[in-house]
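Structural features, examined
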Amino acid sequence: MLIRNDTAVRNTTLSPGPAQPAATAGSGFQAALSAAAQTGATEIRADDQPPTHWTDDGLASIIGGRDGAVIPKDPINWDSKGDRELTAEDIARLKEKYDVDRLSSQQYYDLLSDLTQLGALSGEDCMDAHSVRFQGPTVLFIPHDEKFSQLRWNRNRTGSPPSILSDGVDILMEHLAWTRSEQCRVMNPSITTAEWAQYRDGIQRNIQARQRLMVLMDQLR
């Protein structure tokens, strides 16, 4: 289940993002997944539903590669709203269980499961922190296309999960700044102010999801 993160910037119909930027993983998400699985669908078309590749297996394949390096034994709570603060007891238990700076791919997936089950990390942020997932106009950009298209999570990346998340934030912020440059405006003369706003809002959402996950991981140091 390969997720082409760079397709988002091309605005293809099989984008890794939902049809609407404000889509949330609500209570209908799991029902929609079940229905899609029964019909063999590869994408949920309803505007308020995330795409069907956001499953436990899908996230495990992003984190661990396609050779089964991560086994999704514990489920992700995709319906989590991420509106619960970790208690002192939660933090102590998670610190005892995980060393966030020395996580294996399996341990990292397991931590995401725990954080979503506790309600501290939303299903939506769990999606956005591991991909580039937004829609907008077709944008021509250089030289950031190489960095941007490589912005994906996989087990071959070096460094701890917090450092990989931090790298992702840096790349996204650099790209966001570039969209406001004169070179970008010259290369993309037909894009309207409203379209740029939509495009930048999507980048900001991906940045913020990574930052929220980094804050949670900082609490566990």
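Residues numbered from 1 in each chain as written. Predicted model: local features only at pLDDT ≥ 70, side-chain atom pairs only at ≥ 80, totals over all residues. Heavy atoms only, no water.

**Observations regarding the pattern of salt bridges**
In total, this model carries 8 salt bridges according to the counting rule given. Across the salt bridge formed by glutamate 182 and arginine 185, the nearest N and O atoms sit 2.9 Å from each other. One end of the pair, glutamate 182, and the other, arginine 185, are both in helix α8 (residues 182-187), 3 residues apart, so they sit about a helical turn from each other. Among the charged side chains, a salt-bridge network with shared partners connects Asp101, Asp218 and Arg221. (Salt bridge = Lys/Arg side-chain N within 4 Å of Asp/Glu carboxyl O. Helix = DSSP H or I, 4+ residues; strand = E, 2+ residues; numbered from the N terminus.)

**Remarks on the environment of tryptophan 178**
Mapped onto the secondary structure, tryptophan 178 falls in helix α7 (residues 161-178). Among the residues examined, tryptophan 178 registers a relative accessible area of 7% and is labelled buried. (Buried < 20%, exposed > 50% of the residue type's maximum accessible area, 1.4 Å probe, protein only.)

**Regarding the environment of proline 137**
Mapped onto the elements, proline 137 comes out in the loop between α5 (123-128) and α6 (144-149). In this structure the C-alpha to C-alpha distance between proline 137 and glutamate 195, which are 58 residues apart in sequence, comes to 6.2 Å.

**Considering the environment of serine 163**
Along the polypeptide, serine 163 turns up in helix α7. On the basis of relative accessibility, which here comes to 27%, the residue serine 163 falls in the partly exposed class. At 2.7 Å, the side chain of serine 163 and the backbone oxygen of serine 160 are in polar contact. (Polar contact = N/O pair within 3.5 Å; in protein donor to acceptor, adjacent residues only side chain to side chain.)

**Things to note about the packing of aromatic side chains**
Counting across every chain of the model gives 1 aromatic pair. Measuring from ring centre to ring centre gives 5.8 Å for tryptophan 196 and tyrosine 199, while their planes differ by 75°; the resulting arrangement is edge-to-face. A residue pair is termed a helical-turn pair when its members lie 3 or 4 positions apart in one helix, as tryptophan 196 and tyrosine 199 do in helix α9 (residues 193-219) at 3 residues. Each of the two residues, tryptophan 196 as well as tyrosine 199, counts as buried. (Phe/Tyr/Trp six-rings, centres within 6.5 Å; stacked < 30°, edge-to-face > 60°.)

Taken by themselves, the reported measurements are silent on function.
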